[in-house]
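# Report on the structure
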Amino acid sequence: MSNIEDYALVGDLHTAALIGRDGSVDWLCLPRFDSPACFAALLGDAGNGRWRIAPEGADTATRRRYADDTLILESEWDTPDGTVRVTDFMPPRGQAADIVRIVDGVTGRVPMRAELTLRFDYGSIVPWLRRIPHGLTAVAGPDAVWLHTDVPLHNHDLTTTAEFTVAAGERVTFVLTHQPSYLPHPEPVDPVQALRDTRGYWRRWLGRHRYEGPYADAVRRSLILLKALTYAPTGGIVAAATTSLPEQPGGPRNWDYRYCWLRDATFTLQALLGAGYVAEARAWRDWLLRAAAGDPARLQIMYGLDGTRRLPEYTLDWLPGHQSAAPVRVGNAAADQFQLDVWGEVLDGLHLSRQAGIATTADGWDVQRALLDFLEGNWQNPDNGLWEVRGPRRHFVHSKVMAWAGLDRAVTAVEQYGLDGPVDRWRATRDTIHADVCAHGYDPGRNTFTQYYGSTGLDAALLLLPRVGFLPYDDPRITGTIDAVAADLCQDGFLLRYRPEHEGVDGLPGSEGAFLACTFWLVEALQGIGRTTEATALFERLLTLRNDVGMLAEEYDPATGRHLGNTPQAFSLVGLVNAAHRLGTSRPADPKPG
C-alpha cells in the first residue's frame, strides 16, 4: 500500500481523486467530497476499489508533475520497451462527474495494463456490470458509472481489465462518468477537448493571483490545491479530501475531514484575499454566514458542504484502515462539541471580509449581533478548545482570547464602519476578558501563557495571541510565550499542537506527529518578533516536506519522514500561503546580539 505522501490529487470543484505513484486511483467519492467512495483502496486494498493504469509489470512512475500551473497530473514511466505518459484530470463539472485518463506513447512500444475494480459504498458493494458499445456501465442502487474507451475490456474475478500496447505518437483514452442511476446515460466528454478546457480553466483561474514574492511556485501550487478543495455550488472549503488517514501509524486517531470547519475561516479568508481571490473569499464569507445563521447557541464548529448540521460519526468495520490504522470513520462527533473560540473566529473572519471591502449586509450584521449576544453570556464557560479534545472541558486560553477577538471586532465594526450596536457594553466585556486571561492564563514564573487556566502545559495556539491583536509582538509576555512554545513543543524542529500525554487533556490514547499549520504559525511568530532569519530558515525547511507535486498532509513524522493525517490538508496549505505572504511583505532586521 502506498504512503500518504505518495498521492497526488485531481478534482472538479465538487469532489477529488487521489492517485498514487503507481498510477492507481485509490480514492474517489462520487458525486461529492462527502459521498461514499467508489474507490476505497486508500483505506483497504485493491478489493475495496481502485483504477490502475500502468505499464505491464511496472511499479511506481519514473517521474510525475502537474502540467504547468494546472491540476492536470502527468505520470511517466521509462521501461525497457520505451516511455509512456498517463495524463489524469477531472474537467470542471458539467452535466456529470468525469475522470479522464489519457495514455500517450512517448518512445518505443510499451505494453500497458488497466485494472478497474468498482466498489460502491466505501468498498462494500459490487455493482452489476454490463457491456455497452466502447465500454461498460456499472450500477448499484442510486449510483451508476459509465466507462468509455476504445480498447477491449475483459471481466474476471470481479475486476475489469484491459491489455493494450501504445507506441510513440499513439494515444488511448479512458473516460469514467458518474451520474445517479435513475437519470439517463450522460453524454461522455471528448477527452481531448476536455483536456484543453481543463488546462484553460486552471490557467485563467491562477492568472488572477497577485503574489509575486520569493516563494511564488509554492504559493501558486498551494492555491491551486486549496481551490481544488472548494465545493463550487456553495463556496464551502473542505478541510481535506479524505477520511481516516492516521495521525499516528497504526493508531486510532483517524477522523473524517471532508467537511467545512468554521475555525479555518479567518486563515482561509486571509490567504484568498492576500492572493487576490476576492470572489472566492466572498463565496466563503457567504457560506459562513449561512452556516452561522439560526440559533447562535447552537453554532457548530463544522458543517457539511451545503451547511448540513448533522454529521453523525460511525465506523466502517469492513475497511482495515490505511496501513491497518483502524477504525475508519465517517462523520465527525466533534461537530457536537462546545468550542468557544468558534464564535470569535466567525466574527474575526467577517471582520476581515469587511476590511477587504466585501460589504456587510443588514441580515449579515444581524447574524453577527446574535453571535455577540451569545458570546457575552457564555465566554466564562469551559469548552473543548480549538483542538476538539475529547477529554474534560477546560478554560482554554486560546478560546478566551478568541472570545476577546469577537468583541474587539464588534467594537471596530461600530467605531470604524458605522454599524449599530451597544459599543460601550461590548468594549467593557472585551476588557474584562482581556484582564481575566492575563490573570488566570499567564504563568509569570515561566513568562508564558499556558494551554488553559491553571495548567502547566503549553499549546501552539498561543502563537496566535499577537496575530489576533490580543497583545503586540513586542510585549515581553508574547516573546516569552513564543520562546516557551518553541522550546517545549518542538519535535526535531517542527511543532506539536500540544503534548497529548500532559495532564490528561486529550482524552485519547496514542500520540501524533508534528502539526504543520502550527509550524507555519511559528514562522509568522518568529518573523513578528524580528527573528526573520530564523523564520525564513524554518519556512524553507517546511517547504521541503511537500511531496513531489507540492501536497501537504495535516501532520509530519520527523522520525520517518512520513506524512500523517488527511491530505491534502487545507489548514497546512493556508498556513504556507499566509506565512509566505508574511515573509515576503515585511522583513525587519534581526536584532543584533548583545
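Numbers given to residues run from 1 along each chain, matching the order in which its sequence is written. Given that this is a predicted model, residues contribute local features only at a pLDDT of at least 70 and side-chain atom pairs are listed and counted only at 80 or more, while totals for whole chains, interfaces and linings are drawn from all residues. Hydrogen atoms and water are omitted, and side-chain values are computed over all heavy atoms in the structure.

## Thoughts on the environment of D59
Inspection of the secondary structure puts D59 in the loop between β5 (50-55) and β6 (63-66). Residue classification places D59 among the exposed residues on the basis of a relative accessible area of 54%. Residue contacts are defined here by distance: any two heavy atoms, one from each residue, within 4.5 Å place the two residues in contact. Those residues in contact with D59 that sit more than four places away from it in its chain are R21, D22, R52 and W77. The way it works is that DSSP assigns letters per residue, a run of H or I at least four long becomes a helix, a run of E at least two long becomes a strand, and they are numbered from the N terminus. Only protein chains enter the accessibility calculation, which uses a 1.4 Å probe. A residue is then buried if its area is under 20% of the maximum for its type, exposed if over 50%, and partly exposed in between.

## A short note on the confidence of the model for the protein
The predictor rates its confidence in each residue with pLDDT, a number between 0 and 100. On average, residues of the protein score 93 in pLDDT, and 96% of them reach the 70 mark or higher. Low pLDDT, under 50, characterises residues 586-594; the predicted model gives this stretch 15 contacts beyond four residues in sequence or across chains.

## Quick word on the sheet that holds strand β26 (residues 514-515)
The strand order across the open sheet formed by three strands is β26-β27-β28, and the pairing between neighbours is antiparallel. In this open sheet, the two strands that pair with only one neighbour each are β26 and β28 (562-564). Pairing geometry for strand β27 (residues 555-557) and β28, over three bridges, is antiparallel. Directly across from D557, in β28, lies its bridge partner R562. Here, any two strands with at least 2 DSSP bridges between them count as paired.

## Quick word on empty space enclosed by the protein
A cavity here means a set of points on a 1 Å grid, drawn over the protein atoms and nothing else, where a 1.4 Å probe fits but cannot get out; a pocket is an open set with protein on both sides within 12 Å along at least five of seven lines, and a residue lines either one if it has an atom within 4 Å of a point. Grid points are joined across faces, edges and corners, and a volume is the space filled by probe spheres set on the points. All told, the structure shown has eight cavities of 30 Å³ or more when counted by the stated rule. The volume enclosed by the second largest cavity comes to roughly 60 Å³. Looking at the second largest cavity, the residues that line it are N384, G385, L386, W387, V389, F396, H398, S399, Q451, D459 and Y498. Its residues assigned to classes, the lining of the second largest cavity shows five nonpolar, five polar and one charged. Gly is put with the polar residues, along with every residue not named as nonpolar or charged; the nonpolar set is Ala, Val, Leu, Ile, Met, Phe, Trp, Tyr, Cys and Pro, and the charged set is Asp, Glu, Lys and Arg.

## Details of the packing of helix α5 (residues 278-292) against helix α6 (residues 341-355)
Two numbers describe a pair of packed helices, the interaxial angle and the distance between the axes. Between α5 and α6, the shortest axis-to-axis distance is 11 Å and the interhelical angle comes to 145°. Judged by the twist between their axes, the crossing of α5 over α6 is left-handed. Facing R285, L288, L289 and A292 of α5, the residues of α6 in contact are V346, L350 and S353. A class-by-class count of the residues in the contact of α5 with α6 yields five nonpolar, one polar and one charged. Here the axes come from fitting lines to C-alpha atoms, over the contacting stretch only for helices, and the angles between their N-to-C directions go from 0 to 180 degrees. Two helices crossing with the near one rotated counterclockwise from the far one by less than a right angle form a left-handed crossing, whereas a clockwise rotation gives a right-handed crossing.

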